[in-house]
Amino acid sequence: MANDALNVDHVSIRFNLSKEKVDSLKDYVLKSITRQMQFDEFWALTDVSFKLKKGDRLGILGMNGAGKSTLLKVIAGVFKPTEGKVTHKGKIVPLLELGAGFDKEYTGRENIYLYGAMLGYSKSFIDSKFDEIVAFSELEKFIDVPLKNYSSGMKSRLGFSVATVVEPDILILDEVLSVGDAKFRKKSEQKVLSMMEDGVTVLFVSHSLKQVRRLCTKAMILDKGHMLAFGDIEPIAQQYEAMVGPEDDDDVKNKKKSKEG
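Since the model is a prediction, treat every value here as computed from it, not as a measurement.

Details of unusual backbone geometry
Backbone phi values are negative for most residues with the exception of glycine, while trans is the configuration of most peptide bonds.
1) Next: Residues other than glycine seldom take positive phi values, yet Glu138 does so here, at roughly 60°.
2) Next: Following the sequence through the fold, Glu138 ends up in the loop between helix H4 (123–137) and helix H5 (152–163).
3) Next: According to the relative accessible area criterion, Glu138 is partly exposed, its value standing at 31%.
4) Next: Unusually for a residue other than glycine, Lys224 sits at a positive phi of about 50°.
5) Next: Turning to its location among the elements, Lys224 is positioned in the loop between strand E8 (218–223) and strand E9 (226–232).

What to know about the packing of H5 against helix H6 (residues 182–197)
1) Next: One can describe the packing of H5 onto H6 by two numbers: an axis separation of 12 Å at closest approach and a directional angle of 10°. Classed by the angle they form, the pair H5 and H6 counts as roughly parallel. For the crossing formed where H5 meets H6, the hand is left-handed. Here Arg157, Phe160 and Ser161 of H5 lie close against H6, whose contacting residues are Phe184, Ser188, Lys191 and Val192.

What to know about the packing of aromatic side chains
The description of an aromatic ring pair rests on the distance of the ring centres and on the angle between the ring planes.
1) Next: Applying the stated criterion across every chain, the model contains eight aromatic pairs.
2) Next: Centre to centre, the rings of Tyr113 and Phe130 are 6.0 Å apart; their planes meet at 20°, and the pair counts as stacked. Within this pair, whereas Tyr113 is found in helix H3 (residues 108–118), its partner Phe130 is found in helix H4, the two being separated by 17 residues in sequence.
3) Next: Accessibility expressed as a relative area gives 27% for Tyr113, which makes it partly exposed.

Concerning H3
1) Next: Along H3, the positions that sit buried rather than exposed are Gly108, Asn111, Ile112, Tyr115 and Gly116. Summarising the axial view, the buried residues of H3 lie within an arc of 130°, below the 170-degree limit, and thus occupy one face.
2) Next: The inward-facing, buried residues of H3 abut H4 and H5.
3) Next: Phi turns positive, to about 90°, at Gly120, one or two residues after H3.

Some points on the sheet that holds E8
1) Next: With respect to topology, six strands assemble into an open sheet ordered E5-E6-E7-E3-E8-E9, the strand pairing being mixed. Strand pairing shows two members of the sheet lacking a second neighbour, strand E5 (92–95) and E9, which therefore form its edges. Neighbour to neighbour, the strand axes of the sheet diverge by 15° on average, direction disregarded.
2) Next: Strands strand E3 (57–61), E5, strand E6 (170–174), strand E7 (201–205) and E8 of the sheet are contacted by helix H2 (residues 68–76), whose axis makes an angle of about 150° with E6.

Comments concerning H5
1) Next: The end-to-end C-alpha distance of H5, which contains 12 residues, comes to 16 Å, matching closely the 16 Å that a straight helix rising 1.5 Å per residue would cover.
2) Next: When H5 is considered as a whole, its buried residues turn out to be Met154, Ser156, Arg157, Leu158, Gly159, Phe160, Ser161, Val162 and Ala163.
3) Next: The inward-facing, buried residues of H5 abut E5, H3, H4 and H6.

Examining the pairing of E8
1) Next: A large share of E8 lies buried, amounting to five of its six residues.
2) Next: Pairing between E3 and E8: four bridges, direction parallel. Its bridge partner being in E8, Leu61 is matched across the sheet by Ile221.
3) Next: Taken together, the six bridges between E8 and E9 define a ladder with antiparallel strand orientation. Across the sheet, residue Ala219 finds its bridge partner in E9, namely Gly231.
4) Next: Hairpin connection, E8 to E9: the antiparallel pair is bridged by two residues, and Lys224 has positive phi, about 50°.

What counts, and where the lines are drawn
Residues numbered from 1 in each chain as written. Predicted model: local features only at pLDDT ≥ 70, side-chain atom pairs only at ≥ 80, totals over all residues. Heavy atoms only, no water. Helix = DSSP H or I, 4+ residues; strand = E, 2+ residues; numbered from the N terminus. Buried < 20%, exposed > 50% of the residue type's maximum accessible area, 1.4 Å probe, protein only. Axes fitted to C-alpha atoms, helices over the stretch in contact; angles between N-to-C directions. Parallel < 35°, antiparallel > 145°, perpendicular 65-115°, else oblique. Left-handed = near helix turned anticlockwise from the far one by under 90°. Contact = heavy atoms within 4.5 Å. Phe/Tyr/Trp six-rings, centres within 6.5 Å; stacked < 30°, edge-to-face > 60°. Arc of directions from axis to C-beta. Pairing = 2+ DSSP bridges. Expected span 1.5 Å × (residues − 1).

Shown next, in the form of structure tokens:
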């Protein structure tokens, strides 16, 4: 792993899906103890291996249920692989579920500190970056309003602004560049591009092949937990396009929506 930023080595992950209907935790425990509980094994990932060097930008392609988000969560340390291992160099910042740690009763200001603490940032660091976070989110007028009064787009903007204030070695993005309105999506993409220019290694899931082509140098195709292809962006993108067909022009759609709005 001398020159590798990330090494995913024969990673598989198995989930047990219960066949039984249980009405309570007590019922579940009793059935488990008496071996009345039956499970279906579901392999979300099977024998996935690849390496990334510093500065590589990997787009992960696949249909719903392919295992894309599961793979990102294994790399981020959210899930432990059933088989295989993940090794990496440097700090990983995962942008998986923006604002997942927010408390709707707290204000935007309070949630910046709460979410920042969950991401491992110190209070002094948040103090020094607070104005930058608020300015990027464009929520100055709402920063002392409880989150229960925020729209989903406002919450995502705040979450993105907190999460991207650091300088990671490996950045993990799961559909987070599709949040907010068209203007904020463009601003978010520019922010990620500026982080990429600093040599950050990126793993990126998006339903937009055009966006993956714009941002990534490498690509992977996942299908039902199996890695079908891995390599430089253009041949893999062409292979994926041949599998699923050309996508609609999202940019035209977004422009039309913004005019209608």
